[in-house]
Each structure stands twice: as structure tokens, then as C-alpha cells.
Amino acid sequence: MLVIGELINAARQSVKKAVINQDALLLQELARKQDEAGAHYIDINVATGEGREADSMDWAVKLVREVTQKPLCIDTTNEKVLKAGLKAHGPGAMVNSVNAEEGRLEPFLKLAAEHECLVIVLPVSDAGIPKDTDTRLKIGGEILKVAQKESFPPENLYFDPLALPLAVDNESGKVTLQTLRLFKKELGVKTTIGLSNISHGLPQRKLLNRTFLALAMWEGLDSAIMDPLDDTVISSLLTTKAFMGRDPYCGKYLRAYRNGRLIT
Ligand code: THG
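Since this is a predicted model, take the numbers as computed values, not measurements.

Regarding the sheet that holds strand E1 (residues 2-5)
Alright, step 1. Pairing in this closed barrel of eight strands is parallel, and the strands run E1-E2-E3-E4-E5-E6-E7-E8 around the ring. In this sheet, adjacent strand axes meet at a mean angle of 30° when their direction is disregarded.
Alright, step 2. Alignment of strand E4 (residues 94-99) against strand E5 (residues 118-122), held across five bridges, turns out to be parallel. When the sheet's bridge partners are listed, Val-95 is paired in E5 with Val-119.

As for the packing of helix H3 (residues 53-65) against helix H4 (residues 79-89)
Alright, step 1. The geometry of H3 relative to H4 is characterised by a closest axis approach of 8 Å and an angle of 25° between their N-to-C directions. When the interaxial angle is binned, H3 and H4 end up roughly parallel. Crossing angle aside, the handedness with which H3 passes H4 is right-handed. Between H3 and H4, the contacting residues are Glu-53, Ala-54, Met-57, Asp-58, Val-61, Lys-62 and Arg-65 on the first element and Lys-80, Val-81, Ala-84, Gly-85, Ala-88 and His-89 on the second.
Alright, step 2. Residue composition of the contact of H3 with H4, grouped by class: six nonpolar, two polar and five charged.

Some points on the packing of aromatic side chains
Alright, step 1. In this structure the tally under the stated criterion is one aromatic pair.
Alright, step 2. Measuring from centroid to centroid gives 5.6 Å for Phe-159 and Phe-183, while their planes differ by 65°, and the two rings are edge-to-face. Here the residue Phe-159 occupies a position in strand E6 (residues 157-159), and Phe-183 occupies one in helix H7 (residues 172-187), the gap between them amounting to 24 residues. Per residue, the accessibility class of Phe-159 equals that of Phe-183, and both read buried.

Here we look at the side chain of Asn-45
Alright, step 1. Locating Asn-45 in the fold gives a position in the loop between strand E2 (41-44) and H3.
Alright, step 2. In this structure, Asn-45 is in contact with Ile-8, Asn-9, Ala-10 and Asp-75, ignoring residues within four places of it in sequence.

Observations regarding the side chain of Gln-34
Alright, step 1. Turning to its location among the elements, Gln-34 is positioned in helix H2 (residues 24-36).
Alright, step 2. By relative accessible area, Gln-34 is classed as buried at 0%.

Describing the nonpolar core
Alright, step 1. Of all hydrophobic cores here, the largest spans 49 residues; its most connected members are Ile-8, Ile-44 and Phe-159.
Alright, step 2. Among residues more than four places away in sequence, those in contact with Ile-8 are Val-15, Leu-27, Leu-30, Ala-31, Gln-34, Ile-42, Asp-43, Ile-44, Asn-45 and Val-64.
Alright, step 3. Ala-163, Ala-224, Ala-256 and Leu-262 belong to the second largest nonpolar core, which has 22 residues in total.

Cut-offs and rules
- Residues numbered from 1 in each chain as written.
- Predicted model: local features only at pLDDT ≥ 70, side-chain atom pairs only at ≥ 80, totals over all residues.
- Heavy atoms only, no water.
- Pairing = 2+ DSSP bridges.
- Helix = DSSP H or I, 4+ residues; strand = E, 2+ residues; numbered from the N terminus.
- Axes fitted to C-alpha atoms, helices over the stretch in contact; angles between N-to-C directions.
- Parallel < 35°, antiparallel > 145°, perpendicular 65-115°, else oblique.
- Left-handed = near helix turned anticlockwise from the far one by under 90°.
- Contact = heavy atoms within 4.5 Å.
- Nonpolar A, V, L, I, M, F, W, Y, C, P; charged D, E, K, R; others polar.
- Phe/Tyr/Trp six-rings, centres within 6.5 Å; stacked < 30°, edge-to-face > 60°.
- Buried < 20%, exposed > 50% of the residue type's maximum accessible area, 1.4 Å probe, protein only.
- Core = buried A, V, L, I, M, F, W, Y, C linked by side-chain atoms within 4.5 Å.

So, in C-alpha cells, the structure goes:
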């Protein structure tokens, strides 16, 4: 499971303030902590809604790269902001994300290939976010076809079924899980989700996040944008892996136990 640390996101009030006030130390601290907790990639979202997003992305990527060797996940759908992030980063970042709106896929995949990036793709078309599983699968299939036509390696794509808050739509958990299953079964692609989306607006979010993670892993989740500092969700991740036969001799589970990282 590829863990993408979610904490540097301007949707969080403390991060939004830090971006506006150019408080480098707060961002560097979050990067360091997520690195130490085992995140494989660190997401960077600097959309404060106050403009200058490309400059903020350039600033944030450079200062985070000073304190961690982990590659970054450039979280924007804006081409100018993405270009600023990739330029500041150098090769090997992750692009988060590209959707299937008319004319977007080809140039974004070219850009990603030039910078040797992994790419998160969303099953979103000009008609917006589809409510149902079948339309998400259909758009996913179209994205895969375009990638093949552009000779973009499909193993470098991560398909995100779009995990929307359960509090907004009580079908959203089910639709996300069904879409994950079909992405694996029908398209055979890698998958990711924004895990904490699911719990937005409900109490005891960690409980919702870790329960959903276990269900999603069983449906074939390969990666998640999540909080690597949340030991309850990391405990659930390691436990689920062991139950799925992906932890020989429970080695990782036992090592985490010895390191005091497994909590109940
Ligand atoms: N798919 C992809 N990328 C994504 C998402 C996705 N990037 C952003 C988001 N969704 C995943 N990252 C987060 C980061 C933080 C939170 C949720 C998802 C979060 N924020 C608090 C909240 O919503 O209540 C903010 C409150 C605060 O701390 O001030 O939980 O789905 N590809």
C-alpha cells in the first residue's frame, strides 16, 4: 500500500494560515513528521482561495524538499500550478490529479511523462462527478484508452473512484467500494482514494477512516491519501494486510507491535 501523507493541505485551517503567512517551519514540520511515520509520498495542496497559487506551490515544494527525500504529490488540477510544482520538484513526483474533461488528458499525460511522474486520474468528465458506478467505470475505461494511445505506461496511473462524504450521501461508501472492485476487475488498474473525505462532517472520524480503509483494501486499494500520523488507521492497515495474506509470517505486523505502533 502506497501511503500518501495528506496533512499539507490548505483545506486545513492551520496550513491555510501558514501558506498565507509564508510560515515555512509549519510545513516543514508536517513533512518531516509524515516522512518519519512512513509516508511514501507527501501531498502538497496550497489552494487557499487567495490567488498566487503557482507561486505558493513553487515555495512549498522547495521548502518541503529541503527536509525530506520523499517524493511529493502535487495536488492541483490547475495546469499552471502543476507546472510550477513539477519544475520546483524535479523528476519523480506524483500528479494529483487529472480528469477526463475534454482536451485535458493528453497534455497532462505528456507533461507527466516528461517529468517521470505517477498520475492520479479521476473518473470525472465535462458533465461533472458521476453519481453511479457504471459511469465512473466507463470514464475510467476511456482514460485508460487515451493513456494507451499516448503510450503512457498504465502501471504509472492510479485510478481514484472518488470517495465522497458519507454524511452527504449515504450511498457514497458503497459506490466507492463497487467502483474500486470494477476498476480492478474490468480495467486491471492501480487505485487510490482520499480516505479522510469519507468521514467529513461525522463524529469519530478516525473510526470511519480505518473501517473504510479495511473494506477498500479488500476491494483492491493500492494506495491512499491519508493521515500517516494516525496510529489507529496505520494499525488497521497493517492488520488488514496480514489478513489478506500480504504480510509473510506477519512480519510487518509483529515489527510494528515491537515498535509500539499497534494500538487497539
Ligand atoms: N482524491 C485525490 N486527491 C485528494 C482527495 C481525493 N486530495 C485532497 C483530499 N481529497 C484528500 N486530502 C484530505 C486532507 C485533509 C482532509 C481531508 C482530505 C480533512 N480536512 C479537514 C476537514 O475536512 O474537516 C479540514 C479541517 C481542518 O483541519 O481545519 O479532513 O479524494 N486524488
